[in-house]
Amino acid sequence: MYPQIITYLLTFINYQEHIIRTLLTLLIGKSMFDKPKEAPVNQPYRKLQIDDLPIIEKLERLDYQLLLAEHLQSKGKPLKPVQRRANSTPVPSTLCCPKCGAPSAYLYANNGGKGQYQCKVCACVFNKKSRYQKEAILKCPHCLKTLEKIKERKDFHVFKCKNDRCSYYQKNLNAMTKKEKKQFKEDPQSLKVRYIYRKFHIDYQPLSKQSPKQPKVDLSRLYVSPHTLGLILTYHVNYGLSARKTAAIMKDIHGVSVSHQSILNYENSVALWLKPYIDYFPYELSDQFCGDETYIRVNGRWHYLFFFFDAVKKVILSYPVSPNRDTATAIRAIDEVLVKLKEIPENLQFVVDGNPIYLLAQHFFAENHISFDVKQVIGLTNEDDVSREYRPLKQIIERLNRTFKGNYRSTHGFGSEQGSVSFVTLFVAYFNFLRPHSSLEGKVPVTLPELEKLPTMPARWTALIGLAQDWIQQQSA
Ligand SMILES: [Zn+2]
Ligand SMILES: [Zn+2]
């Protein structure tokens, strides 16, 4: 009885407190609610058991020109393109058959614009989203039987080995305790005993990054001198002062009036110019990469920032921000690293945390014939050999994350996606090109001769922006 009353009263007090804070917020015009915490409370990733990669067999490839010639020979008349009625679903002219390469004129839109097509030449049925992967059949690595599709999700299909004599299935059955056997009998879905594979069909071709485009903002039209801009970036990005404090320093010490909102606007423009330069820079790289996710707040919601980093050269190679901690973003993050490699090294490996999205991403790339190893460092103690061996690498990227957090803290989160991307971009520019690193004997990770001889940080920021502008104008010339 008493505990119930106490619980009720506590809930009631909480409710009253909420009303009081709301009224105070309205009265004073300033939020009376607590600032968001530095890390989200308890957001574990979904524990998921990822099986080994299936055996991927390439399907035979056909040549539509040969097939058309054969048709002409055997039937005595050419195979005509698909006749379309005026109101039929259009087929994109760039689409072609993944199996025989027949152009769009030979493709039927199969199911009323839902993205499924059929080739008139070779009869292959394919989906627009999965056309890149219509190149393989999947077999169980334990029994070599073809896998069956059992579920279709938004980003992936689930395949299962249904063979009762599969060694994987038999092994798991035999390893069950009495209790598990009983549970399995009552509810077979509650235990995972069969080989499972998740095949991603996001519309994404690896290693197909487009060439850089010139941003649509004109830096010469900012109402600020290059030197002032250099000072602002130094205070806000290098020293991690908030935009408001940066505005105050500009006024109090340098006698320059600039609002904190203008500072954010300037930085958005600068980030647009620096991003292509950072992303396409011909970095000298090692073959040791590590990745980690960290949290940032965007529009009051937690977002994930994925950092991938050359652990030896101390260069940040990819930094996507996403509202989801999902496989699609992990794939994007890893691809950003791969495109920067002149060729894929034989012993390429990524050291990451225990999140299963990285294994799923590895499988996605393997299906596209790009292989690498994923080493997962799990938990805070070294409970397995992999964790023991690769923890030092993992700690390097955790240190990078702490450096970022130190600079990010003053922002109290971002009001927009663009604001968060701009700040992260500027941080990466600073980290790769401007920040001396103790383990590189006080050198910056990427030394640019144009910056080395300059005496101050604002001058280096200005020169870096100039280099980025020159570079991108050369690219689009
Ligand atoms: Zn075809
Ligand atoms: Zn099997």
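Conventions adopted
Residues numbered from 1 in each chain as written. Chains lettered and ligands numbered in written order. Predicted model: local features only at pLDDT ≥ 70, side-chain atom pairs only at ≥ 80, totals over all residues. Heavy atoms only, no water. Pairing = 2+ DSSP bridges. Helix = DSSP H or I, 4+ residues; strand = E, 2+ residues; numbered from the N terminus. Axes fitted to C-alpha atoms, helices over the stretch in contact; angles between N-to-C directions. Donors = N, O, S within 2.8 Å, 3.2 Å for Na, K, Ca; no water. Tetrahedral: all angles 85-135°; square planar, octahedral: opposite > 155°, others 65-115°. Buried < 20%, exposed > 50% of the residue type's maximum accessible area, 1.4 Å probe, protein only.

In the annotation of an unreviewed UniProt entry, the protein chain is listed under the name Transposase and assigned to Sutcliffiella cohnii.

K.L.:
Before we go on, may I ask you to explain the sheet that holds strand S7 (residues 156-160) in this structure?
P.N.:
Strands belonging to one sheet form pairs held by backbone hydrogen bonds; the direction of such a pair is parallel or antiparallel. The sheet built from 3 strands is open, its strands ordered S6-S7-S8 with antiparallel pairing. Unpaired on one side and paired on the other, strand S6 (148-152) and strand S8 (196-200) mark the two borders of the sheet. On average, each strand axis in the sheet is tilted by 30° relative to the strand beside it, whichever way the strands run. Pairing of S7 with S8 involves 5 bridges; the strand directions are antiparallel. Bridge assignment links His157 to a residue of S8, and that residue is Lys199.

K.L.:
Which parts of the structure should I look at to understand the coordination of the zinc ion (ligand 2)?
P.N.:
In ideal tetrahedral geometry, four donors around a metal make angles of 109.5 degrees, whereas ideal octahedral geometry with six donors gives angles of 90 or 180 degrees. Around the zinc ion (ligand 2), the protein supplies Cys140 (SG), Cys143 (SG), Cys161 (SG) and Cys166 (SG) as donor atoms, at distances of 2.3 Å. Angles of 97 to 115° at the metal separate the 4 donor atoms of the zinc ion (ligand 2), which places the site in the tetrahedral class. Written as a sequence motif, the donor arrangement for the zinc ion (ligand 2) is C-x2-C-x17-C-x4-C. Of the two residues, Cys140 sits in the loop between strand S5 (136-139) and S6 while Cys166 sits in the loop between S7 and helix H3 (167-174), which places them 26 residues apart along the sequence. Accessibility assignment for this pair places Cys140 and Cys166 in one class, buried.

K.L.:
What is the right way to look at the sheet that holds strand S4 (residues 125-127) in this model?
P.N.:
Strand order in the open sheet made by the 3 strands is S2-S3-S4, with antiparallel pairing throughout. The open sheet has two edge strands, strand S2 (107-109) and S4, and neither has a second partner. Taking each pair of neighbouring strands and ignoring which way they run, the sheet shows an average axis angle of 30°. Relative to S4, strand S3 (residues 116-119) is paired through 3 bridges, and the arrangement is antiparallel. Across the sheet, residue Gln116 finds its bridge partner in S4, namely Asn127.

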